[in-house]
Amino acid sequence: MTMKKSRMVLEPEFQIAEVDNRIYGSFIEHLGRAVYEGIYEPDHPLANEDGFRMDVVELVKELQVPIVRYPGGNFVSGYNWEDGVGPKEVRKRRLELAWRTIETNQVGTNEFADWAKLVNSEVMMAVNLGTRGVDAARNLVEYCNHPSGTYWSDLRVSHGYREPHKIKTWCLGNEMDGPWQIGHKTADEYGRVALEAAKVMKWVDPSIDLVLCGSSGTQMPTFPQWEATVLDHAYDHVDYISLHRYYGNRDGDTANFLASSLDMEQFIHTVVSTCDYIKAKKRSNKTVNLSFDEWNVWFHSNEADTKIEPWSIAPPQLEDIYTMEDALVVGSMLITLLKHADRVKIACLAQLVNVIAPIMTTAGGGAWKQTIYYPYLHASRYGRGRVLNPLISSPKYDSKDFTDVPVLDSTAVFNEEKQELTIFAVNRDMVDALQLECDVRSFDGYQVVEHIVLEHEDIKARNTHDEPNRVVPHNRGSAKANDGSLECVLPKLSWNVIRLRKK
Ligand code: AHR
């Protein structure tokens, strides 16, 4: 039997854009065990003097996460940031209405800034435009970024932080289009308040960048009119618009689930077009780019979450345990972000620890890596440079929601400085391996350094606390380059990273 074939032509001149490294960002929300028992557990044997788990810090550092969104998510829309600063012993415990828990406020703005330093990340701070507004938002910018000599900046100094945090990127609320949001707004209501908050936040610190809330998914009935309306209000004062999207395999239809990134692709196209429509309408010279600041697979924990006792502290919420199949979807989502590197400048895998996360922890115990950790690690580590625009031919299939789904999902990143070329590829075929022949004639002298493969004979295989290494990558892939041609076999249902370097 002959093997299915795919082909790819790579030319260094055919480029999409330089990758903005912030597309490898992530997200920590005050939700479930992300903060408490996740990054912060003062009684843990591996906690540092500030209570941060150093085993988790090491795993996050390995991922090289450039930016982390904080403190929410839905949480931020009911959050009083003032509750989370100053002496810990007098911080207020609050009913947290977004996730129906109790928030102890033992971690807040300053602690999170400290943690971000530990993991070599920038903070992407969200302000509350649900229950609060312009005043709380501008005060928080002053507290974080103003050097000193004013009420809010001196308050920060009095809390032990002489140097300002210099937070560059700020989100103007979260998912304000969603009826589940505390203080949900219509597009006009949100557009107005976002514009006014944006204006004064930039008056406090003109160096900041602002992210306007787009739709919380393509499934929203207000999408994409929401984007058009809010941009019409705030276009001149913002730098990015947000996109959020989660996928799941609720019907057990793997072929369809594996094609989810085609929806993500369409989402990006629609938001880019809407931004550019408003740009044209306003005769503006400025381009608003995209911040895909929540993306992932999320569905495994939905049922369990309905059984959580309300008003507990840091319960195990949204603790999806990911399969091999989920790792492939995450791989395809990463490839999709790369393919749109010309407009997607920030992206956050939601989330980072315990809550729909690549890293899991046990209270008092160890930390382990989920299946999705690996595509995220590989893309973040090797996907820095210029994204190429390869010519790809691949067999295709149809699924319940998609037609012409390419079996080969792939892109490549060229790092000229390091003289490295990396091909990322998912073989979506459920039955067969796929032969890939790649024309790399223009990469004279480049040889395969390694071909990493993530695969498993059981597509539903997961890592767990007891079996953390059930799904791990190996580097026994078959890629070989010879005379300007690279050949390899991509195993069925596999994530592949083919790394070449000039010898
Ligand atoms: O990431 C989990 C939740 O998903 C976030 O709080 C919210 O913004 C989104 O609906």
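This text gives an overview of the structure that appears in the document.

The rules behind the values
Residues numbered from 1 in each chain as written. Predicted model: local features only at pLDDT ≥ 70, side-chain atom pairs only at ≥ 80, totals over all residues. Heavy atoms only, no water. 1 Å grid on protein atoms, 1.4 Å probe; cavity = no way out; pocket = protein on both sides within 12 Å on 5 of 7 lines; lining within 4 Å. Points joined across faces, edges and corners; volume = space filled by probe spheres on them. Helix = DSSP H or I, 4+ residues; strand = E, 2+ residues; numbered from the N terminus. Nonpolar A, V, L, I, M, F, W, Y, C, P; charged D, E, K, R; others polar. Salt bridge = Lys/Arg side-chain N within 4 Å of Asp/Glu carboxyl O. Buried < 20%, exposed > 50% of the residue type's maximum accessible area, 1.4 Å probe, protein only. Core = buried A, V, L, I, M, F, W, Y, C linked by side-chain atoms within 4.5 Å. Contact = heavy atoms within 4.5 Å. Axes fitted to C-alpha atoms, helices over the stretch in contact; angles between N-to-C directions. Left-handed = near helix turned anticlockwise from the far one by under 90°.

### Structural notes on empty space enclosed by the protein
At step 1: Using the criterion set out here, one finds 3 cavities of 30 Å³ or more in the structure.
At step 2: Roughly 100 Å³ of internal volume is contained in the largest cavity.
At step 3: Taken together, 15 residues make up the lining of the largest cavity; nearest its centre are W81, A126, V127, N128 and L140.
At step 4: Among the secondary structure elements, those contributing two or more residues to the lining of the largest cavity are β7 (122-127) and α3 (134-145).
At step 5: Each pocket or cavity is described by its volume, and for the second largest cavity that value is around 80 Å³.
At step 6: Lining the second largest cavity are H30, L31, G32, Y36, T101, I102, E103, I313, A314, P315 and Q317.
At step 7: Taken together, the residues of the lining of the second largest cavity break down into 6 nonpolar, 4 polar and 1 charged.

### Comments concerning the pattern of salt bridges
At step 1: Within this structure, the stated rule accounts for 35 salt bridges.
At step 2: With a shortest N-O distance of 3.1 Å, R33 and E37 are connected by a salt bridge.
At step 3: Taking relative accessible area as the criterion, R33 reaches 9% and is therefore assigned buried.
At step 4: Among the salt bridges present, the one from D458 reaches R470, with a minimum N-O distance of 3.6 Å. Here D458 is found in the loop between β22 (446-454) and β23 (480-482), whereas its partner R470 is found in the loop between β22 and β23, with 12 residues between them in sequence.
At step 5: Residue D458 is classed as partly exposed on the basis of its relative accessible area of 30%.
At step 6: Linked by salt bridges that have partners in common, K4, D429 and D432 make up one network.

### Digging into the nonpolar core
Nonpolar side chains in soluble globular proteins tend to be buried together.
At step 1: In terms of nonpolar packing, the biggest core is built from 165 residues, with W115, W170, L172 and Y190 touching the most fellow members.
At step 2: Residue contributions to this core peak at 10 residues, all from helix α10 (residues 324-339).
At step 3: Residue contacts for W115: discarding those within four places in its chain leaves I28, I39, F52, V57, V60, V68 and L352.

### Quick notes on the packing of helix α6 (residues 225-234) against helix α8 (residues 260-281)
At step 1: The contact between α6 and α8 brings their axes to 9 Å, and the two run at 35 degrees. The handedness of the crossing between α6 and α8 is right-handed. When α6 is examined against α8, the residues E227, A228, L231 and D232 are found in contact with a partner set consisting of V271, T274, C275, I278 and K281.
At step 2: Broken down by class, the residue content of the contact of α6 with α8 amounts to 5 nonpolar, 1 polar and 3 charged.

### Considering the environment of F299
At step 1: One can find F299 in the loop between β11 (289-297) and α9 (302-305).
At step 2: Sequence separation between F299 and Y322 is 23 residues; the distance between their C-alpha atoms is 9.8 Å.
At step 3: When residues no more than four places from it in sequence are discounted, the contact partners of F299 are Y247, G248, N249, R250, F257, D320 and D326.

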